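Topology and contacts: notes
Each chain, written out:
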Amino acid sequence: MIEQLRDTYRKLTGNTDDLRTDGGTATERTSSRFDMGPDFLRSLPFWLPPFLVMGFFVYGAIGWNFLVSLTDYNSFVPPTYSHLDFEMYTRAFSDPTFIAATKNTFVLLVVFTVFCLLVGLGLAILIDQKIRFENTFRTIYLLPMSLSFVVTAQFWLWMYNYSDGPINVIIRGIGIQNPPHWISDPSIVLGSVILALVWQFSGYAMVVYLAGLRAIPNDHFEAARVDGASTYRLYRRVVIPQLKGATISASVVLMVFGLKAFDFLYSLTGSYYPPKGSDILATMMVRQAFGSPNNTAYAAAIGIMLFLLALVVIAPYLTYQYKRGEL
Amino acid sequence: MATDSSDTSVFDVSNLSRMGYSRILLYATVVALVLLYLLPIETGLMTSLKSDALGSLPYFPPGPSGFTFVHWSDAFSQLASGLINSFILAIPATVLSAFIGSITAYGLTNLTWRYKAAFLTLFIAGIFIPYQAVLIPLSQFWAIYFPIHNLFGTYGQLIELIISHVAYGIPITLLLFRTYYKDIPTEMLEAAELDGASAFGIYRRIILPLSGPMFAVTLIYQFTQVWNDLLFALVIMGPGPASPVTIPLAQLGASLTNVGFGIRMAGAFIAAFPTLLVYIMFGDQFAEGVAT
């Protein structure tokens, strides 16, 4: 319907342009000669300055960062752009700290995203049962997301405190005398961090799924019920498949949140060194870049590899959105 | 939204008593989850009000004799300048990025030209880049190549931080406005165009007045983002007299042991207060912002 109107509009404007006598026609003719569409020149003042600013800070900076990653720049060596090589990248792959941080990054991204999606889906299904006060419940589940990583890190440091924190108090209360060292045990700290992050962001997945559930036409539910499908089958066969779009968008955004976990890890210790066992590429990069002594070029290389990692997720997502006509 | 629970649920089964039980179970689960979600916050609040953090169970309220505001006043005196800096940072950064997002979205949505989608994609990709890929150039740009703080003193660093937040905020604010502008009927804009309105006139007289609800969503989202940021503040200015509240908060009580948890928790609430207030007042707009 709207497309038809648009076509009509284009035909109409084709005619009206010739009829118009005001100054606007001239620019429109010029732009159509370059075949950039009728509004190209008039559109420039709106998006070009912001594009240049954003392009400089995003794409310019990534290019600059890549250049730095090819040098040997560190606290003791000034950047020299005459000898460019991939030494920092080869160095990374033989650096055990880098390999451990990469592994932790993948574990964090995957486990955090999957758990957020599962918890979020569960919450969304519960909220969607036409319960009373559903807005209040939704507000409470989403509340942690309005908090800063720095704030939630303070709450969870206390939650996880070995001797007196609430979790271990409860664990001892049910008779277990040796509760885990949630933060200081390197083998479980990553899990503790993920749990805290799931607490913070599952509300986000809930909101996305809730919108997805509400978008499913009611007659799909009714048709399934007429067929005698059980509730489980209804969700498994009818509802979940229709939430594919919501799942994809939520996963991408959650992974981006996961990559931002730097703030959380930094705040656990108030330093560039996160608790042992929870170092991820994001924290390692900042430590190498801004700690002392610093390895600027090495940090830049880690930054580029993080960017490539993000690109692997984003590029297919943006292509998918583009094909669905969402862009 | 219907609050009547009798017969609209997809769980609806003919057996009435079974339905009653399943609804009780449903409410029990929802309430138990609420307690679970509020536990870290509730524990923090209780701890911040106790003179002795270890005197009673962490999630229990303080007894009549153990009640104190001393952690709150201590934390406030340590964070007060950070709070002021955060307001100086977050308010202009939020307003600017919302406004720029709005005009950019108009140029990329309601005007017709080729390759729009390509530029839009470049903008949108900017939402998802990990900031670690730009931190070194960003910090060097402000430290060496464009040191505004040399002109305006230490507080010039706040200007640098504002510009950075605006630049990296454009992609998301643009996307928020775009989802809204896509649904503005084309006929309305055509009518204005036929009346001889310029592109700017259309924006100012039609698009902008319609954007009220979306400005609310964007301002709330972006305010929360900027207020909560630690990373940019850390690498652009680091700890100092101009640093926003997240920096002193991350350091607060770091050197202390368990005894410091009272002040840590009070500090967390003080630093979170503006965003909590915004969230409680505008929860729906916040939800809309994050869901886009």
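What you see is a predicted model; the values in this text were computed from it and never measured.

1. Digging into the overall build of chain B
The helix and strand inventory of chain B stands at 13 helices and zero strands. Ordering the α and β elements of chain B from the N terminus gives α-α-α-α-α-α-α-α-α-α-α-α-α. The C-alpha atoms of chain B give a radius of gyration of 24 Å, which is well past the 19 Å a tight globule of 292 residues would have. For chain B, the spread of C-alpha atoms along the three principal axes comes to 75 × 75 × 30 Å. Looking at chain B residue by residue over its 292 residues, the buried ones come to 57%. Across chain B, the fraction of contacts at a sequence separation of at least 24, relative to all contacts at a separation of at least 6, is 67%. For chain B, the exposed surface amounts to about 12,200 Å²; the carbon and sulfur share of it is 69%.

2. A few points about the overall build of chain A
Regarding its fold elements, chain A presents 15 helices and zero strands. Sorting the 327 residues of chain A into buried and exposed places 54% on the buried side. Residue pairs at least 24 apart in sequence account for 63% of intrachain contacts in chain A once pairs closer than 6 positions are excluded.

3. Details of the packing of helix H5 (residues 96-127) of chain A against helix H9 (residues 189-215) of chain A
All names here are of chain A. Two elements in contact, H5 and H9, have axes whose closest approach is 6 Å; the angle formed by their N-to-C orientations is 45°. One finds that H5 runs oblique with respect to H9. Here the hand of the crossing between H5 and H9 comes out right-handed. Its residues assigned to classes, the contact of H5 with H9 comprises 24 nonpolar, three polar and one charged.

4. Here's the deal with the pattern of salt bridges
Residue and element names in this part refer to chain A. Within the structure shown, the criterion is met by five salt bridges over all chains. Here Asp 128 and Arg 214 are joined by a salt bridge, their closest N and O atoms 3.0 Å apart. A residue pair is termed long-range when its members are at least 10 positions apart, and Asp 128 in the loop between H5 and helix H6 (134-142) and Arg 214 in helix H9 qualify at 86 residues. Judged by its relative accessible area of 35%, Arg 214 falls in the partly exposed class. Between Asp 279 and Arg 287 there is a salt bridge, with its nearest N and O atoms 2.7 Å apart. As far as the burial class goes, Asp 279 and Arg 287 line up, both buried. Residues participating in the shared-partner salt-bridge network are Asp 128, Glu 134 and Arg 214.

5. Points about the interface of chain B and chain A
Facing 116 residues of chain B, the contacting portion of chain A comprises 106 residues. Approximately 10,100 Å² of surface area, both sides summed, lies buried where chain B meets chain A, with 72% of it carried by carbon and sulfur atoms. Summed over the shared surface of chain B and chain A, the result is two salt bridges. In this structure, Arg 42 of chain A engages Glu 193 of chain B in a salt bridge whose closest nitrogen and oxygen atoms are separated by 3.0 Å. Across the contact surface, chain B and chain A share 24 residue pairs in polar contact (both at pLDDT 80 or more). The greatest single-element share of the side of chain B that touches chain A, amounting to 17 residues, is contributed by helix H1 (residues 16-48) of chain B. Within the side of chain B that touches chain A, the residues separate by chemical class into 79 nonpolar, 25 polar and twelve charged.

6. Topic: unusual backbone geometry
All names here are of chain A. Across the junction of Ser 292 and Pro 293, the peptide omega takes the value -5°, indicating a cis bond. Relative to the assigned elements, Pro 293 resides in the loop between helix H14 (281-290) and helix H15 (296-323). Although it is not a glycine, Phe 133 adopts a positive phi angle of roughly 55°. Tracing the backbone through its elements, the reader meets Phe 133 in the loop between H5 and H6. What makes Phe 133 exposed here is its relative accessible area of 60%.

7. Details of helix H9 (residues 212-228) of chain B
All names here are of chain B. An ideal rise of 1.5 Å per residue puts 24 Å on 17 residues; H9 measures up with 24 Å between its terminal C-alpha atoms. With twelve of 17 residues buried, H9 is to be regarded as a mostly interior element. Within H9 the residues assigned to the buried category are Met 214, Phe 215, Val 217, Thr 218, Ile 220, Tyr 221, Gln 222, Phe 223, Thr 224, Val 226, Trp 227 and Asn 228.

8. Some remarks on the packing of aromatic side chains
For the structure shown, the criterion picks out 47 aromatic pairs over all chains. Aromatic pair Phe 57 of chain A and Phe 141 of chain B: ring centres 5.8 Å apart, planes at 85°, arrangement edge-to-face. Here Phe 141 of chain B lies in helix H4 (residues 135-145) and Phe 57 of chain A lies in helix H3 (residues 40-69), a pairing that spans two chains. Comparing Phe 57 of chain A with Phe 141 of chain B, the two get one shared label, buried. Relative to Tyr 168 of chain B, the ring of Tyr 131 of chain B has its centre 5.4 Å away and its plane inclined at 70°; by these criteria the two rings are edge-to-face. A residue pair is termed long-range when its members are at least 10 positions apart, and Tyr 131 of chain B in the loop between helix H3 (116-128) and H4 and Tyr 168 of chain B in helix H6 (residues 156-181) qualify at 37 residues. Assessed through its relative accessible area of 16%, Tyr 131 of chain B is described here as buried. Relative accessible area serves as the criterion here: at 4%, Tyr 168 of chain B is assigned to the buried category.

9. A short note on the side chain of Lys 50 of chain B
All names here are of chain B. With respect to the secondary-structure elements, Lys 50 resides in the loop between H1 and helix H2 (70-109). For the buried Lys 50, no salt bridge exists, and the shortest N-O distance to an oppositely charged side chain is 8.1 Å, to Glu 42. If sequence neighbours within four positions are ignored, Lys 50 has contacts with Ser 56, Leu 57, Pro 58, Phe 60, Pro 61, Pro 62, Gly 66, Thr 68 and His 71.

10. Observations regarding the environment of Leu 249 of chain B
As for its placement among the helices and strands, Leu 249 of chain B is situated in helix H11 (residues 246-251). With a relative accessible area of 0%, Leu 249 of chain B lands in the buried category. Each C-alpha atom, one on Leu 249 of chain B and one on Val 30 of chain B, is 33 Å from the other, the two residues being 219 residues apart in sequence. Excluding anything up to four places from it in sequence, Leu 249 of chain B contacts Val 150, Val 151 and Gln 154 of chain A together with Leu 79, Arg 264, Gly 267, Ala 268 and Ala 271 of chain B.

11. Quick word on a nonpolar patch on the surface
Together, Val 110, Val 114, Phe 115 and Leu 118 of chain A line one region of the surface with nonpolar side chains, adding up to about 370 Å² of accessible area. One can find Leu 118 of chain A in helix H5.

12. What to know about the nonpolar core
Among the nonpolar cores identified, the biggest contains 208 residues, and Tyr 141 of chain A together with Phe 128 of chain B are the most heavily contacted of them. Look past the residues within four positions of Phe 128 of chain B in its chain and what remains in contact with it is Val 252, Val 253, Val 256, Ala 310, Ile 314, Tyr 317 and Leu 318 of chain A.

13. Some details on the environment of Leu 49 of chain B
All names here are of chain B. Within the secondary structure layout, Leu 49 lies in the loop between H1 and H2. Each C-alpha atom of the pair Leu 49 and Val 70 lies 8.0 Å from the other, and the pair is 21 residues apart in sequence. Beyond its immediate sequence surroundings of up to four residues, Leu 49 is in contact with Pro 62, Gly 66, Phe 67, Thr 68, Phe 69 and Trp 72.

Calculation rules
- Residues numbered from 1 in each chain as written.
- Chains lettered and ligands numbered in written order.
- Predicted model: local features only at pLDDT ≥ 70, side-chain atom pairs only at ≥ 80, totals over all residues.
- Heavy atoms only, no water.
- Helix = DSSP H or I, 4+ residues; strand = E, 2+ residues; numbered from the N terminus.
- Rg over C-alpha atoms; globule rule 2.2 N^0.38 Å.
- Buried < 20%, exposed > 50% of the residue type's maximum accessible area, 1.4 Å probe, protein only.
- Contact = heavy atoms within 4.5 Å.
- Areas by Shrake-Rupley, 256 points an atom, 1.4 Å probe, with all protein chains shown as cover.
- Axes fitted to C-alpha atoms, helices over the stretch in contact; angles between N-to-C directions.
- Parallel < 35°, antiparallel > 145°, perpendicular 65-115°, else oblique.
- Left-handed = near helix turned anticlockwise from the far one by under 90°.
- Nonpolar A, V, L, I, M, F, W, Y, C, P; charged D, E, K, R; others polar.
- Salt bridge = Lys/Arg side-chain N within 4 Å of Asp/Glu carboxyl O.
- Buried area = accessible area lost by both parts, 1.4 Å probe.
- Polar contact = N/O pair within 3.5 Å; in protein donor to acceptor, adjacent residues only side chain to side chain.
- Expected span 1.5 Å × (residues − 1).
- Phe/Tyr/Trp six-rings, centres within 6.5 Å; stacked < 30°, edge-to-face > 60°.
- Lys, Arg positive; Asp, Glu negative; His and termini not counted.
- Patch = residues over 30% accessible without salt bridge, like charges linked within 9 Å, V, L, I, M, F, W, Y side chains within 5 Å.
- Core = buried A, V, L, I, M, F, W, Y, C linked by side-chain atoms within 4.5 Å.

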